[in-house]
Amino acid sequence: MKAGLQAAVRRMYDNEATDALVYAALAKITKSENNRTILEKMAADECRHRDLWSTYVPGPPRVRRLKVWLYILLGRIFGLVFVLNLMESGEDTAVKSYTDIGKELPVALKIVEDEQKHEDYLISLIKEEKLSYISSMVLGLNDALVELTGALAGFTLALNDNSMIGLAGFITGVAATLSMAASEYLAKKADAGEKHPLKAATYTGLAYLFTVALLLLPYAIFSSPLTALAFCLVNATLIILGFTFFVSVIRRESFLRGFREMMLISFSVALISFMIGWAARLWLNLDL
């Protein structure tokens, strides 16, 4: 076997062994019997692929323990579907490698068929409660980003005092959190297919409140209103970055398109509110 081909097979061999350990570890931490069965099946498939590769390369596979640990940690924090989709997102490169190897080793074509069809089907069978409420979390987070970022930008120019800006922002944020949660509860309750409207309202409220806390934090740390606003916008960007990435992985959607859309909406509203605050301060002749 050529050196280049052997190196490629070695990578596939190591990857299959590592993925098998990830699936097996995730199966141990899940509380759902359905999910555990599916993950154990996926681990068994990866072990079978690993054993097929073992006939072409010498020695045991080099398992990447750090990768296994990282995926287990992500699974505990963000859930199984996030981790599984994140692992599958790297399959495009793997498929090309399998196809290239398959020209000389036909076994690779069998493995890539399993990777593309069988694993996607198994992942679609994974059930997680939190995924049912992604739309509620998106609603709460998007509304908080747009509404509170705009409000804080307006308050910053109109009030020019971090204590007053923070107080106004806190009152606005808490009132909006309760309003959004109540609205989501009533909307879901009116939906005949929704069995847990209170849970949907809770996810909406928690997402909103989490965003409010991060956006207000700079006003409690910095004395300069403009500096606080700048860091508030940095926090807003980080929230958009993190949540857009999470949703794009879960839904297998374009990250860049979602990120650009949320940034454009949130910062456009902030700019308009900033200008309104500036105009209001001039019109009312405020010097706070």
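Residues numbered from 1 in each chain as written. Predicted model: local features only at pLDDT ≥ 70, side-chain atom pairs only at ≥ 80, totals over all residues. Heavy atoms only, no water.

Trainee: Which residues make up helix α7 (residues 134-159), and what are the values?
Mentor: In this model, α7 (26 residues) spans 36 Å end to end at C-alpha, consistent with the 38 Å of a helix rising 1.5 Å per residue. Counting buried positions along α7 gives 19 out of 26 residues, so the element sits mostly inside the fold. In the segment just after α7, Asn160 is the residue with positive phi, at about 60°. (Helix = DSSP H or I, 4+ residues; strand = E, 2+ residues; numbered from the N terminus. Expected span 1.5 Å × (residues − 1). Buried < 20%, exposed > 50% of the residue type's maximum accessible area, 1.4 Å probe, protein only.)

Trainee: Quick one: what's the story with the packing of α7 against helix α10 (residues 225-251), residue by residue and with numbers?
Mentor: Look at α7 against α10: their axes get within 11 Å of each other, and the N-to-C directions meet at 165°. Viewed along their axes, α7 and α10 adopt a mutual orientation that is roughly antiparallel. Judged by the twist between their axes, the crossing of α7 over α10 is left-handed. Taken together, the residues of the contact of α7 with α10 break down into 19 nonpolar, three polar and one charged. (Axes fitted to C-alpha atoms, helices over the stretch in contact; angles between N-to-C directions. Parallel < 35°, antiparallel > 145°, perpendicular 65-115°, else oblique. Left-handed = near helix turned anticlockwise from the far one by under 90°. Nonpolar A, V, L, I, M, F, W, Y, C, P; charged D, E, K, R; others polar.)

Trainee: Go over the packing of helix α8 (residues 162-190) against helix α9 (residues 197-221), please, and point to the residues and values.
Mentor: Where α8 contacts α9, the axes come no closer than 8 Å and their chain directions differ by 165°. Here α8 lies roughly antiparallel to α9, going by the angle between them. In the crossing of α8 with α9, the sense of the turn from one axis to the other is right-handed.

Trainee: Tell me about the environment of Asp161, and please be specific about residues and values.
Mentor: Of note, Asp161 is situated in the loop between α7 and α8. Given a relative accessible area of 29%, Asp161 falls into the partly exposed group. Along the primary structure Asp161 and Tyr219 are separated by 58 residues, whereas in three dimensions their C-alpha atoms are 9.2 Å apart. Within the local environment of Asp161, its side chain forms a polar contact with the backbone nitrogen of Ser163, the two atoms lying 3.2 Å apart. (Polar contact = N/O pair within 3.5 Å; in protein donor to acceptor, adjacent residues only side chain to side chain.)

Trainee: Please set out the packing of aromatic side chains residue by residue, giving values where relevant.
Mentor: For any pair of aromatic rings, the description rests on two quantities: the centre-to-centre distance and the angle between the ring planes. Applying the stated rule across the entire model yields nine aromatic pairs. Ring geometry for Trp53 and Tyr56: centres 6.4 Å apart, planes at 65°, overall edge-to-face. Residue class for Trp53 comes out buried when judged on its relative accessible area of 0%. Seen from their ring centres, Phe243 and Phe246 are 6.1 Å apart, and the 35° between their planes marks the pair as tilted. Of this pair, Phe243 and Phe246 are both found in helix α10, three residues apart, which corresponds to roughly one turn of the helix. Neither residue differs from the other here; Phe243 and Phe246 are each classed as buried. Here the aromatic residues Phe78, Phe82, Phe243, Phe245, Phe246, Phe255 and Phe259 are joined through ring pairs into a cluster of three or more. (Phe/Tyr/Trp six-rings, centres within 6.5 Å; stacked < 30°, edge-to-face > 60°.)

Trainee: Please provide a residue-by-residue account of the pattern of salt bridges, values included.
Mentor: The tally for this structure, following the rule as stated, stands at seven salt bridges. Between Asp45 and Lys41 there is a salt bridge, and its shortest N-O distance comes to 3.5 Å. On the criterion of helical spacing, the pair formed by Asp45 and Lys41 is a turn pair, its members being four residues apart in helix α2 (residues 33-54). According to the relative accessible area criterion, Lys41 is partly exposed, its value standing at 39%. Here Asp51 ties to Arg50 by a salt bridge, and the two come within 3.1 Å at their closest N and O atoms. (Salt bridge = Lys/Arg side-chain N within 4 Å of Asp/Glu carboxyl O.)

Trainee: Can you tell me about the confidence of the model for the chain, naming the residues and giving the values?
Mentor: Put simply, the chain has an average pLDDT of 81, and 82% of its residues get 70 or more. For the chain, per-element mean pLDDT is lowest for helix α5 (residues 91-102), which scores 63, and highest for α9, which scores 89. (pLDDT = per-residue confidence, 0-100.)

Trainee: Pulling in residues and values, what's your account of unusual backbone geometry?
Mentor: Comment: phi is negative for the bulk of residues other than glycine, and the bulk of peptide bonds are trans. Phi angles above zero are rare outside glycine, and Asn160 is one such case at about 60°. Looking at the element boundaries, Asn160 is found in the loop between α7 and α8.

Trainee: Got a sec to walk through helix α3 (residues 65-78)? Specific residues and values, please.
Mentor: Here α3 spans 20 Å end to end across 14 residues, near enough to the 20 Å set by a 1.5 Å rise per residue. Downstream of α3 by a residue or two, Gly79 has a phi angle that is positive, lying close to 100°.

Trainee: So, the side chain of Thr244: which residues are in play, and what are the values?
Mentor: Its location among the elements puts Thr244 in helix α10. Beyond its immediate chain neighbours, meaning those up to four positions away, Thr244 contacts Phe255, Gly258, Phe259 and Met262. (Contact = heavy atoms within 4.5 Å.)

Trainee: Explain a nonpolar patch on the surface to me, using residue names and the numbers behind them.
Mentor: On the surface, Leu66, Trp69, Leu70, Leu73, Ile77 and Phe78 cluster together into a nonpolar patch covering about 600 Å² of accessible area. Examined against the element boundaries, Leu70 turns out to sit in helix α3. The exposure class of Leu70 is partly exposed, given its relative accessible area of 40%. (Patch = residues over 30% accessible without salt bridge, like charges linked within 9 Å, V, L, I, M, F, W, Y side chains within 5 Å. Areas by Shrake-Rupley, 256 points an atom, 1.4 Å probe, with all protein chains shown as cover.)

Trainee: Describe the environment of Gly59, and please don't skip the residues or the numbers.
Mentor: Within the fold, Gly59 resides in the loop between α2 and α3. Along the sequence, Gly59 and Arg10 sit 49 residues apart, while their C-alpha atoms lie 10.0 Å from each other. Not counting the four nearest positions on each side in its chain, Gly59 is found in contact with Arg10 and Tyr13.

Trainee: Can you lay out the environment of Tyr23 for me, pointing to particular residues and giving the numbers?
Mentor: With respect to the element layout, Tyr23 can be found in helix α1 (residues 3-29). Accessibility expressed as a relative area gives 1% for Tyr23, which makes it buried.

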